[in-house]
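Below are the chains, spelled out letter by letter.
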Amino acid sequence: MAIYKTIFSLAVGTVLAVSGAFAQSYPERQINMVVPFSAGGPTDTVARLIAEKMSADLGQQIVVENVGGAGGTLGTGKVATAEADGYTVLLHNIGMATSATLYRELAYEPLKAFEYVGLVTEVPMTIVARKDFAPADFKTFVDHVKANAATITMANAGIGAASHLCGMILMSAIEAPLTTVPYKGTGPAMTDLLGGQVDIMCDQTTNTREQIKGGTIKAYAVTTPDRLKILPDLPTAMESGLADFNVSVWHGIYTPKGTPAAVNERLAASLQKALADPDVAARFAELGTAPSSAADATPAALQAKLESEIPRWKAVIDKAGVYAD
């Protein structure tokens, strides 16, 4: 028995030594950061900003790879089956939590297929409309939408996208089922909103801020409890009468299940350094958001966030009865 214990101890020590040596030399080559949405969208914007700063810290290039489709599940599935060596990472948004319910036949289990690096940021959303939409403020907007629900169209970036989720909560909150128009990404949805082909949309400030500032779309409310510094005149949905309306889009970085803990910790340390960079804080502020704190940019914090968000969104999605398959 003593011999077996000795052999076991030696084996464990060898594994830990190899793992430690690997982590110390990591990274030795390019890292791919998969974004499961199209280039130019809100999540892609966040990814490219963070990838640039993390690349400088890690001494190896992080290349953003857009793998869109199926509400973000194609790119996510690609990372789930990638080699667990730290050279393929995933930057995903709130869809990581909602996909667990939206897709009843998902190829991976969000809570079991990944390791965690940390939270990146939490982006507010805005309720906007084509620039010639009639209501003057959010209260009249709600009244108008409820009275004309049969004819009003709501754009989104596809089933499972943040804009789709926010739209579901809005329709539920004001008790007005609308005709939803899904697009293959935020870009084409915004293009049709600008052109007046659709009436309203709910989307992240990273995608709507410039259009709101430029007056090319009409803004009615922000979906977070507090007003935004970049849009100080835009009221919150909560202060405008929707007491429990609170939606923001959180983003996190993941690695495939089995990636060494030391590698995830190295990535987390790099993420924390990137988020502490004044340039990142300034850029995020321009987009209406802020970097996650050092306490949130950790594996434990991201895991806790995902575990709490899955049941929250399950209740919303099940109530709406809208699924992606």
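Model, not experiment: these values are computed from the prediction. (Residues numbered from 1 in each chain as written. Predicted model: local features only at pLDDT ≥ 70, side-chain atom pairs only at ≥ 80, totals over all residues. Heavy atoms only, no water.)

(A) The state of the cysteines, seen in detail. Applying the stated rule across the entire model yields one disulfide. Across the disulfide from Cys166 sits Cys202; the S-S distance is 1.8 Å. The disulfide joining Cys166 to Cys202 has a torsion of about 50° about its S-S bond and is therefore right-handed. Of this pair, Cys166 sits in helix H6 (residues 162-174) while Cys202 sits in strand E7 (residues 200-204); the two residues are 36 residues apart in sequence, bridging distant segments of the chain. Cys202 carries the same exposure label as Cys166, and that label is buried. (Disulfide = S-S within 2.5 Å. Helix = DSSP H or I, 4+ residues; strand = E, 2+ residues; numbered from the N terminus. Buried < 20%, exposed > 50% of the residue type's maximum accessible area, 1.4 Å probe, protein only.)

(B) Fine view of the pattern of salt bridges. As enumerated under the stated definition, the model contains 18 salt bridges in all. Across the pair Lys314 and Asp318 runs a salt bridge, and its minimum N-O distance is 2.9 Å. One end of the pair, Lys314, and the other, Asp318, are both in helix H11 (residues 299-320), four residues apart, so they sit about a helical turn from each other. Judged by its relative accessible area of 40%, Lys314 falls in the partly exposed class. (Salt bridge = Lys/Arg side-chain N within 4 Å of Asp/Glu carboxyl O.)

(C) Summary view of the packing of H6 against H11. At their nearest, the axes of H6 and H11 sit 11 Å apart, and the two run at 65° to each other. Read as a crossing pair, H6 and H11 show a hand that is left-handed. Counting all contacts with H6, which are made through Leu165, Met168, Ile169 and Ser172, the residues of H11 involved are Trp313, Val316, Ile317, Lys319 and Ala320. Class assignment for the residues of the contact of H6 with H11 results in seven nonpolar, one polar and one charged. (Axes fitted to C-alpha atoms, helices over the stretch in contact; angles between N-to-C directions. Left-handed = near helix turned anticlockwise from the far one by under 90°. Contact = heavy atoms within 4.5 Å. Nonpolar A, V, L, I, M, F, W, Y, C, P; charged D, E, K, R; others polar.)

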